[in-house]
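# Close look at the chain arrangement
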Amino acid sequence: MSGKLHKVVKGDGLMERMPAVRGRLRANSDLSKITWFQVGGPADVLFKPEDEADLAEFLKNLPRDIPVHVIGVGSNLLVRDGGVRGVVIRLGRHFAKMNNEDDRLIVGAGAFDGHVARFAADAGLEGAEFLSGIPGCIGGALRMNAGAYGAEIADIFHSAVAYDRNGTRHELSRDDMGFSYRRTKVPADWIFTQATFELSPGDRAEILNRMADISRNREESQPVRSRTGGSTFANPKGKKAWELIDSVGGRGVKKGAAMVSEKHCNFLINTGGARAAELEALGEEMRRRVFVAHDILLRWEIIRLGEPAAGAKGARP
């Protein structure tokens, strides 16, 4: 770990207001290179902290009027064309560490979900296989109680660590998380840095076979090789979002270079050169159609971040 402080000495006014850090600060960072949709404008400032202490000090010393956002690998994220005001924090390699103590798996919030599933399998621990079917990292999985293939984060959760906007460290229990379907009650501006999962001993070969089944299922049923953001909408109670979209003729519908996947109707795709506005407008059109036909308002599962391009109309929440 380097002890050198990287203090910005030039740039726009916002960069000049950044605290000294040991990680990396970058102005006008192109977020389209990070998100799986490959769309969106730049972040005013992108910060990659060196470690938890660096993150805590940054949050503590950052002026309170500067907005803060956190992103993971960009898999479940739609960055709007006008970019993101304030600071975007992205957790790097230090936050992707994994280890196990008996039946407990301790992982950084920046670890890929699939890597965590494989690490657990290699340790002979079962219960995390479903993570192999969820694109993204553990921080996002914690935030939304991610789930797939009959399991969710709440099923294996033991505890987590998060930092608030003041840089204060919090250790969170199950009750603190307040899990519900694709939601938690943790304040939106808290940043997860670590999770501990409670798993069970299992046979490594059997665990890997279950993960292979999940991989085959995803390949057959989802557009995993397209520029997409994963599931667009949360399933309403007792319903499936893709079936509702399919019932209103949504399959294959296009708006510019944005398209509803023909393979799975709850996925939006950038077919090449799409703007974030086209993807969001297409999603809103699917919400409108479903509401008119079924009196059900689909809830966005994809995180939409930032501002529309100058002159563009905003979308509903």
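For the structure, check the block above.
Everything quoted here is computed from the prediction, not taken from an experiment.

## Topic: the packing of helix α3 (residues 113-122) against helix α7 (residues 204-221)
Their axes nearest at 8 Å, the elements α3 and α7 cross at an angle of 155°. The angle between the axes of α3 and α7 places the two elements in the roughly antiparallel class. Contacts from Ala117, Arg118, Ala121 and Asp122 in α3 reach Arg204, Ile207, Leu208 and Met211 in α7. A class-by-class count of the residues in the contact of α3 with α7 yields five nonpolar, no polar and three charged.

## Section: the pattern of salt bridges
Oppositely charged side chains can form a pair if their charged atoms are brought close together. Evaluation of the coordinates by the stated rule reveals 22 salt bridges. The shortest N-O distance in the salt bridge between Arg275 and Glu278 comes to 3.6 Å.

## Re the side chain of Ser261
Mapped onto the secondary structure, Ser261 falls in the loop between β18 (258-260) and β19 (267-270). Since its relative accessible area comes to 1%, Ser261 is described here as buried. Within the structure, the side chain of Ser261 is placed 3.1 Å from the backbone nitrogen of His264, a separation counted as a polar contact.

## Description of the nonpolar core
Core analysis: the largest hydrophobic core is formed by 56 residues, its most contacted members being Met18, Phe58, Leu131, Leu142 and Phe197. Beyond its immediate stretch of four places on either side in the chain, Phe58 contacts Met18, Pro19, Val21, Leu25, Phe47, Val87 and Ile89. By size, the runner-up hydrophobic cluster in this structure holds 22 residues, among which are Phe233, Leu279, Leu282 and Trp300.

## Remarks on the pairing of strand β11 (residues 157-163)
Here β11 lies mainly inside the structure; five of its seven residues are buried. Sheet analysis places β11 next to strand β13 (residues 191-198), joined by six bridges and oriented antiparallel. Among the inter-strand pairings, Ala162 is bridged to a residue of β13, identified as Phe192. For β11 and strand β12 (residues 169-172), the ladder comprises four bridges, and the chain directions are antiparallel. Counterpart to Val161 in the pairing with β12 is Glu171. What sits between the antiparallel neighbours β11 and β12 is a turn of five residues, in which Gly167 has the positive phi angle 85°.

## Looking at the sheet that holds strand β7 (residues 104-108)
Strand order across the open sheet formed by five strands is β6-β7-β13-β11-β12, with antiparallel pairing between neighbours. Each end of this open sheet is capped by a strand with a single partner; those strands are β6 (98-101) and β12. When strand polarity is set aside, the average angle formed by the axes of neighbouring strands in this sheet is 15°. Contacting β6 and β7, α3 runs over the sheet at an angle of about 35° to β6.

## A few points about the sheet that holds strand β17 (residues 254-255)
Across the sheet, which stays open at both edges, the four strands sit in the order β15-β19-β18-β17 with antiparallel pairing between neighbours. This sheet does not close on itself; its edge strands, each paired only once, are β15 (227-231) and β17. Relative to β19, β18 is paired through three bridges, and the arrangement is antiparallel. For Ala258, the partnering residue across the bridge sits in β19 and is Asn270.

## Brief notes about α3
Along α3, the residues classified as buried are Asp113, Val116, Ala117, Ala120 and Ala121. Buried positions in α3, seen along its axis, are confined to an arc of 135° and lie on one side of it. The inward-facing, buried residues of α3 abut β6, β7, β8 (125-126), α4 (138-144) and α7. Looking one or two places after α3, you find Gly124, whose phi comes out positive at around 70°.

## What about unusual backbone geometry?
For Gln38, which is not glycine, the phi dihedral falls at a positive 60°. With respect to the secondary-structure elements, Gln38 resides in the loop between β1 (24-30) and β2 (42-48). What makes Gln38 partly exposed here is its relative accessible area of 45%.

What counts, and where the lines are drawn
- Residues numbered from 1 in each chain as written.
- Predicted model: local features only at pLDDT ≥ 70, side-chain atom pairs only at ≥ 80, totals over all residues.
- Heavy atoms only, no water.
- Axes fitted to C-alpha atoms, helices over the stretch in contact; angles between N-to-C directions.
- Helix = DSSP H or I, 4+ residues; strand = E, 2+ residues; numbered from the N terminus.
- Parallel < 35°, antiparallel > 145°, perpendicular 65-115°, else oblique.
- Contact = heavy atoms within 4.5 Å.
- Nonpolar A, V, L, I, M, F, W, Y, C, P; charged D, E, K, R; others polar.
- Salt bridge = Lys/Arg side-chain N within 4 Å of Asp/Glu carboxyl O.
- Buried < 20%, exposed > 50% of the residue type's maximum accessible area, 1.4 Å probe, protein only.
- Polar contact = N/O pair within 3.5 Å; in protein donor to acceptor, adjacent residues only side chain to side chain.
- Core = buried A, V, L, I, M, F, W, Y, C linked by side-chain atoms within 4.5 Å.
- Pairing = 2+ DSSP bridges.
- Arc of directions from axis to C-beta.

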